[in-house]
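Chain residues, written in single-letter form:
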Amino acid sequence: MDNEVFRVEGVSKMFGAFQALNDVSLGVRHGEVLAIIGPNGAGKTTFVNIVSGVFGPSRGRVLLEGADITAFSPQRRTRLGLSRTFQITSLFGGMTVAEHMQLAVRGGDTLGHERAELLEEMGLAGSAPRPVDTLSHGDQRILEMAMAMATKPKVLLLDEPTAGMSVAETDTMIRLICDRLRGKVGVIIIEHDMSVVTQTSDRVTVLAAGAVAASGSPEAVLRDPLVKELYLGSAAGH
Ligand SMILES: Nc1ncnc2c1ncn2[C@@H]1O[C@H](COP(=O)(O)OP(=O)(O)OP(=O)(O)O)[C@@H](O)[C@H]1O
């Protein structure tokens, strides 16, 4: 694939005798937003953990710009350009927004003025001196994205970025993904909200029972009878 920055190749994961992922292969191009959707238990969290290095696959490889990073720690992956945000907010209550931005770049990727610019772009400049526990849930999630961006990633993994957000916060997140990330870095977004998927993604891959069930443009995938069937009876869109 042209311009591909990230790929998982033939990834499988066994938990004892249970196969959570079965021969999953997919790639992300520079500037592309790839959404991964799937019903409960499809293997999305397992996939996120393997991509970010929480644990390794039973088989298969994880490649960043063609280099095999399958055995690398999460920290080493971040240093090489693979960053992530978390499904559950992972900030330190008493610390300020600015301190979090500094913490994100302990390795020294961004300069002070670049971090200030990032906060400005994300609409958080006025909140720099505030302790993070005084921010709204939406702003906390946006700060996490700013922290991930501060590491200057080549690939960014967004794990349910709009979970728990109000409609207005979700709209802000959609705008940031489209304006700030799309076209600039490779993005993998795990998302349950189909409206977010259609508004942000270039391509969608559907996981079901640990395997790729469908892949293509958001319009084509969401029209696919197989995908409709997978989601039948799952009103939350999981
Ligand atoms: N550590 C583990 N040990 C045993 N089975 C596991 C483990 N982690 C996940 N599984 C199983 O693997 C399957 C996939 O789980 P996973 O959490 O990856 O799915 P998911 O798509 O993220 O689901 P959800 O949308 O509900 O979070 C599930 O059947 C789950 O019970």
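As the structure is a prediction and not an experimental result, all values here were calculated from the model.

Rules behind the numbers
Residues numbered from 1 in each chain as written. Predicted model: local features only at pLDDT ≥ 70, side-chain atom pairs only at ≥ 80, totals over all residues. Heavy atoms only, no water. Near = heavy atom within 4 Å. Polar contact = N/O pair within 3.5 Å; in protein donor to acceptor, adjacent residues only side chain to side chain. Helix = DSSP H or I, 4+ residues; strand = E, 2+ residues; numbered from the N terminus. Nonpolar A, V, L, I, M, F, W, Y, C, P; charged D, E, K, R; others polar. Buried < 20%, exposed > 50% of the residue type's maximum accessible area, 1.4 Å probe, protein only. Contact = heavy atoms within 4.5 Å.

**Focus: the site of the ligand**
Step number 1: Lining the immediate surroundings of the ligand are F15, F18, A20, P39, N40, G41, A42, G43, K44, T45, T46 and H192.
Step number 2: One of the backbone nitrogen or oxygen atoms of A42 is found 3.1 Å away from an oxygen atom of the ligand.
Step number 3: Elements represented by at least two residues in the shell around the ligand include exactly β2 (18–29) and α1 (44–52).
Step number 4: By residue number, the principal contributor to the shell around the ligand is α1, which donates three residues.
Step number 5: Class assignment for the residues of the shell around the ligand results in five nonpolar, six polar and one charged.

**Thoughts on the environment of L21**
Step number 1: Mapped onto the secondary structure, L21 falls in strand β2.
Step number 2: On the accessibility criterion, L21 (0% relative accessible area) is buried.
Step number 3: With 47 residues separating them along the chain, L21 and D68 place their C-alpha atoms 19 Å apart.
Step number 4: Not counting residues up to four positions away in its chain, the partners in contact with L21 are V11, S12, K13, G43, T46, F47, I50, L207 and G210.

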